[in-house]
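Here is what each chain is made of, one letter per residue.
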Amino acid sequence: MPWIVGVSGASGTPYAAAVLRALLAGGESVDLVVSRASRLTLLDETGIAFRDAHWRDDLREWLARGADGKPGTFDVDAGLDAVRYWNAGDLAAGPSSGSYAAKGMLIVPASTACVAGVALGLSKDLLQRAASVTLKERRRLVVAVRETPLNGQTLRHLVALDDAGASVVPASPAFYAGATHIQDLVDFVAGRVLDAAGVAHGLYRRWRGELGGASAPRDT
């Protein structure tokens, strides 16, 4: 069964790329939904135009790019066969139905508009509909919200998602893992998203209760 990965329009497309790479490297299948707003963010942050007719080529270019914008940083060709892409406007797509088998859903990054839509059950596009289905079927939903500051309305929406069974994972990098590069900070957030989903990975060095461990070699 696949993991559904929804990419909304918040800034933070490197977080989504890191999550996708880790899922594919771990042998997981992915159903990908890229919102219309996220295409604008992706174009702005990477210069990549994500096109329905050429989604595989565009996805390959995106996932190969490092968080610092350097192209060709990662080799991703081997895993792309495990990705199935669904247009965000296709409300008849597989993930729109509870009978469609999936392990759960990760929304990364999640904009405040996406958070509101899921919390209120609006289902205005496939991303929101798939999230609503995930909640009603009692599957894992991880929402990696990327916004600051957070106003009261968004906080109430996040509490509603928590009450409904979702895991809210703010895109907040930590520094105890010994980050030396922007990719390390991105991978930390991606790793915490995968932790919340119960997916094994080696994206960051875990805390072991020892001060000064940031200078120790990272886990492999």
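I will try to describe carefully the structure that is included in this document. (Residues numbered from 1 in each chain as written. Predicted model: local features only at pLDDT ≥ 70, side-chain atom pairs only at ≥ 80, totals over all residues. Heavy atoms only, no water.)

Details of the overall build of the protein chain
When you go through the protein chain residue by residue, the secondary structure sums to seven helices and six strands. Put simply, the protein chain runs from its N terminus to its C terminus through helices and strands in the order β-α-β-α-α-β-β-α-α-β-α-β-α. For 220 residues, the compact-globule estimate of 2.2 N^0.38 gives 17 Å, and the protein chain sits close to it at 17 Å. Looking at the 220 residues of the protein chain, the share that counts as buried comes to 51%. Contacts in the protein chain between residues at least 24 apart in sequence constitute 69% of all its contacts with a sequence separation of at least 6. Surface accessibility of the protein chain: about 10300 Å² in total, with carbon and sulfur atoms responsible for 52%. Charged side chains in the protein chain number 23 positive and 23 negative. The centres of these two groups are separated by 4 Å. (Helix = DSSP H or I, 4+ residues; strand = E, 2+ residues; numbered from the N terminus. Rg over C-alpha atoms; globule rule 2.2 N^0.38 Å. Buried < 20%, exposed > 50% of the residue type's maximum accessible area, 1.4 Å probe, protein only. Contact = heavy atoms within 4.5 Å. Areas by Shrake-Rupley, 256 points an atom, 1.4 Å probe, with all protein chains shown as cover. Lys, Arg positive; Asp, Glu negative; His and termini not counted. Charge placed at Lys NZ, Arg CZ, Asp CG, Glu CD.)

A short note on the pattern of salt bridges
Enumeration according to the criterion identifies 11 salt bridges in this entry. Among the ionic pairs, Glu28 bridges to Lys103, the shortest N-O distance being 2.7 Å. A residue pair is termed long-range when its members are at least 10 positions apart, and Glu28 in the loop between helix 1 (13-25) and strand 2 (30-34) and Lys103 in the loop between strand 3 (83-87) and strand 4 (104-110) qualify at 75 residues. A residue is classified by how much of its surface remains accessible, and Glu28, at 14% relative accessible area, is buried. Accessibility expressed as a relative area gives 34% for Lys103, which makes it partly exposed. Its salt-bridge partner being Asp58, residue Arg51 comes within 2.8 Å of it at the nearest N-O pair. Judged by relative accessible area, Asp58 falls into the buried class, the value being 3%. (Salt bridge = Lys/Arg side-chain N within 4 Å of Asp/Glu carboxyl O.)

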